[in-house]
Amino acid sequence: MYHPSMFESHHMFDMTTKSTSDNDLGITGSREDEFETKSGTEVTTENPSGEELQDPNQRPNKKERYHRHTQRQIQELEAFFKECPHPDDKQRKELSRDLCLEPLQVKFWFQNKRTQMKAQHERHENQILKSDNDKLRAENNRYKEALSNATCPNCGGPAAIGEMSFDEQHLRIENARLREEIDRISAIAAKYVGKPVGSSFAPLAIHGPSRSLELEVGNFGNQTGLVEDMYGTGDILRSVSIPSDTDKPMIVELAVAAMEELVRMAQAGDPLWVSTGNSTELLNEEEYFRTFPRGIGPKPLGLRTEASRESAVVIMNHINLVEILMDVNQWSCVFSGIVSRALTLEVLSTGVAGNYNGALQVMTAEFQVPSPLVPTRENYFVRYCKQHSDGSWAVVDVSLDSLRPNLISRTRRRPSGCLIQELPNGYSKVTWIEHMEVDDRSVHSMYKPLVDSGLAFGAKRWVSTLERQCERLASSMASNIPASDLSVITSPEGRKSMLKLAERMVMSFCSGVGASTAHAWTTMSSTGSDDVRVMTRKSMDDPGRPPGIVLSAATSFWIPVAPKRVFDFLRDENSRSEWDILSNGGMVQEMAHIANGREPGNCVSLLRVNSGNSSQSNMLILQESCTDASGSYVIYAPVDIVAMNVVLSGGDPDYVALLPSGFAILPDGSVGGGDGNDQEVVSSSTTASGSSGSLLTVAFQILVDSVPTAKLSLGSVATVNSLIKCTVERIKAALACDVGGGAP
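In this text the structure is predicted, and so the values were computed from the model without any measurement.

Caption draft 1: Region of interest: the overall build of the protein. Along the protein, the regular secondary structure elements total 16 helices and 21 strands. The buried share of the protein, reckoned over its 744 residues, is 52%. Across the protein, contacts joining residues at least 24 apart in sequence account for 70% of those joining residues at least 6 apart. For the protein, the exposed surface amounts to about 33900 Å²; the carbon and sulfur share of it is 52%.

Caption draft 2: Quick look at the pattern of salt bridges. In this structure the tally under the stated criterion is 29 salt bridges. Among the salt bridges present, the one from Glu310 reaches Lys460, with a minimum N-O distance of 3.9 Å. Pair noted here: Glu310 is in strand β5 (residues 304-314) and Lys460 is in helix α12 (residues 459-476), with a separation of 150 residues, a long-range link. Accessibility expressed as a relative area gives 5% for Glu310, which makes it buried. You can call Lys460 buried: its relative accessible area is 16%. Each of Arg304, Glu306, Arg377, Asp440, Lys448 and Asp452 takes part in salt bridges that share partners, so that together they form one network.

Caption draft 3: Highlighting helix α7 (residues 248-267). Between its first and last C-alpha atoms α7 spans 29 Å; for 20 residues at 1.5 Å apiece the expected length is 28 Å, and the two agree. Among the 20 residues of α7, 17 are classified as buried, and the element is accordingly described as predominantly covered.

Caption draft 4: Structural context of the sheet that holds strand β19 (residues 631-640). Strand order in the open sheet formed by 9 strands is β13-β14-β15-β21-β20-β19-β18-β17-β16, and the pairing between neighbours is antiparallel. Strand pairing shows two members of the sheet lacking a second neighbour, β13 (522-523) and β16 (587-595), which therefore form its edges. Each of β15 (548-559), β20 (661-667) and β21 (694-705) touches helix α16 (residues 714-734); the most contacted strand, β15, lies at about 30° to it.

Caption draft 5: View of the pairing of strand β7 (residues 360-367). Taken across its 8 residues, β7 has 8 buried, putting it largely inside the fold. Where burial is concerned, the two faces of β7 agree: the one with Leu360, Val362, Thr364 and Glu366 and the one with Gln361, Met363, Ala365 and Phe367 are both buried. Taken together, the 8 bridges between strand β6 (residues 339-349) and β7 define a ladder with antiparallel strand orientation. In the sheet register, Ala342 faces β7, and the bridge partner there is Ala365. Note that β7 and strand β8 (residues 377-387) share 8 bridges and pair antiparallel. Across the sheet, Met363 pairs through a bridge with Phe381, a residue of β8.

Caption draft 6: The arrangement of the pairing of β8 in detail. Burial analysis of β8 places 10 of its 11 residues in the buried class, which makes it a mostly covered element. Two elements, β8 and strand β9 (residues 393-399), share 7 bridges in a ladder whose sense is antiparallel. Each bridged residue has a counterpart across the sheet, and for Arg383 the counterpart in β9 is Asp397. Linkage of β8 to β9, two consecutive antiparallel strands, is achieved through a turn of 5 residues, within which Gly391 is found at a positive phi near 90°.

Caption draft 7: Representation of the nonpolar core. The biggest cluster of nonpolar side chains holds 45 residues, and the ones touching the most others in it are Trp331, Phe335, Trp432 and Tyr447. Apart from the residues lying within four places of it in its own chain, the contact partners of Phe335 are Leu325, Trp432, Trp462, Thr465 and Leu466. Counting 35 residues, the second largest nonpolar core, distinct from the first, contains Leu104, Leu283, Ala394 and Val396.

Caption draft 8: Looking closely at α16. Here α16 spans 30 Å end to end across 21 residues, near enough to the 30 Å set by a 1.5 Å rise per residue. In the core, the buried residues of α16 are packed alongside β15, α14 (563-571), β20 and β21. Positive phi shows up at Ala736, right after α16, with a value of about 55°.

Caption draft 9: Structural detail: the packing of aromatic side chains. Following the criterion strictly, the structure yields 15 aromatic pairs and no others. Centroid distance Trp331 to Phe367: 6.2 Å. Interplanar angle 80°. Geometry classified as edge-to-face. Taken as a pair, Trp331 in helix α10 (residues 328-334) and Phe367 in strand β7 lie far apart in primary sequence, 36 residues in all. Each of the two residues, Trp331 as well as Phe367, counts as buried. One aromatic cluster in this structure is built from Trp331, Phe335, Phe367, Trp432 and Trp462. Taking the ring centre of Phe457 as reference, the NZ or CZ of Arg377 above it sits at 3.9 Å.

Analysis parameters
Residues numbered from 1 in each chain as written. Predicted model: local features only at pLDDT ≥ 70, side-chain atom pairs only at ≥ 80, totals over all residues. Heavy atoms only, no water. Helix = DSSP H or I, 4+ residues; strand = E, 2+ residues; numbered from the N terminus. Buried < 20%, exposed > 50% of the residue type's maximum accessible area, 1.4 Å probe, protein only. Contact = heavy atoms within 4.5 Å. Areas by Shrake-Rupley, 256 points an atom, 1.4 Å probe, with all protein chains shown as cover. Salt bridge = Lys/Arg side-chain N within 4 Å of Asp/Glu carboxyl O. Expected span 1.5 Å × (residues − 1). Pairing = 2+ DSSP bridges. Axes fitted to C-alpha atoms, helices over the stretch in contact; angles between N-to-C directions. Core = buried A, V, L, I, M, F, W, Y, C linked by side-chain atoms within 4.5 Å. Phe/Tyr/Trp six-rings, centres within 6.5 Å; stacked < 30°, edge-to-face > 60°. Lys NZ or Arg CZ within 6 Å of the ring centre and 35° of its normal.

Printed below as a string of structure tokens:
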């Protein structure tokens, strides 16, 4: 939580003694007609000079301190403002260089100045409105008095109801009009003088209907709740709103301070960071608080610190990396296995000089592990991008929970992000830092070692995913594809369309396999084996999904086999018949293949099932398998052969209907186990906490009815439940595992 006092202390987040290049950012205001302040001065809600503009939501007598520019800086800015109140990027950069300020600070100063001038003009108009209001009130009182003293024109006595003259009726109409005018003017005045407006405003938080899903046996009377769209907004995404103008100065200061902390942490060594024997480094928390005494405040009670640093060289230039991180859609796509949902609430700055240098945006995001047993982590944060003097770029995130004290969050994001350094030949060195404070007590015990090790949400997972995705992109752009293998797709258009289709399949799978608050997983009654969680949704008017009612089912279990062996077994088309019930034991043949990097397991394949069942003769299977140091995926979906011919010819893949299913394979996080790739089978008598095994999540999506308005039957749920349990048993048997080895 932020307190005013924290900005008066001499520490990293100090708002008064830092250099002007990082801290004198002034006050931003995108809605300039609603906020006013004097740049470089103290802003309060009470000002004897009458130069204040009060916010009805502010507490009285509460002060917030901001930076003061020097007298010379103010004089130069004032002089320039008289000549040009709307400077362009080039002029702002020249001013910032001459005055030793950031371009962002200059931009915000001019915004504030224009807001101030506009507010002065509005204050003058307000005085005129007040005067008119007084005149209308006096005139209204005269009309009231005339009505109370009205007399009958015939006898001279008091006028009775129904005997009003035409003039009196006109007075009544005029009185009603005047009353409306008074209310209107009063509302306008209240906007500027801080008095409450008569109408009430709805709270910012929007609470949607409950999305609970009840699938207990015998509880299928009311089916309407079973087919709701489960991909709505979650708790954090529903309850936060765009920042107010009064919040923006603090957001800017917080972002600049967070950037300074991130760069220092990225460049620091021992004793701040402790090596773990591999490339990942863990934070020395005691040393951190000595180096950054206050930061964003003390750690809240009940939260555990989770911080790590990872570095790698990736095959992508720094400009494209920055664009991926600053574009929420690209960011969500590249990190679809980690980011289940993300939203940009407001862009406070788009940057200067035509790039993302100085870009500032307020966001919400939900981070996940591909299993319904691990709760997601929701964050409300600001993202800031800056190019440094040495040519490197940095992108930092930091939580804004202090701006919403009534917002309950189990996760707080201290300055986290990455430092990007340009290397020759289109490569970049990325140093990634993840620094979280979390309440992870609701994590399932089976996944607890993985989460505690930092592999679930730490820097290693982000960097490993980025490395793999950069290789995937580089492979998709390759032009010299050897045609020695007939199954390799050499057509650039066909490769592009097929990769785009596979990318959509992976994103769809990842968004539906985790414990996102947008989902309503229901646990089926346990029968002594692994629990199966199910949910339903209605698919309508989506060309990328078949219409009807889709039933999703997922289960997670531990298996005493190294992740690499599990991955190789599940991705191999020759062993598919050992676990895939729907293939009916038919032989699977690879028809087309696209490599996605140096690792042989990273590829997109088009498979054909040679089954004796003639009804399956027109169906193919699109499969993408991918693996890195943090985990592996094998994701597949049945596709129509006619549609795939269009895709392989370079046609639009967006109209191919997909219902992806698949597997997420993670190391179990056990002590001494590493990523589990150094041994293949672990004795079943050894416990999970003492061996290197795998955490396997199996997820299916089944179209149970092609009519979206149909009701879900208990038989459909039982069938899918049986299907997923049978698949699990086949996998365990094929890998020579103890059937009772899974967690209950």
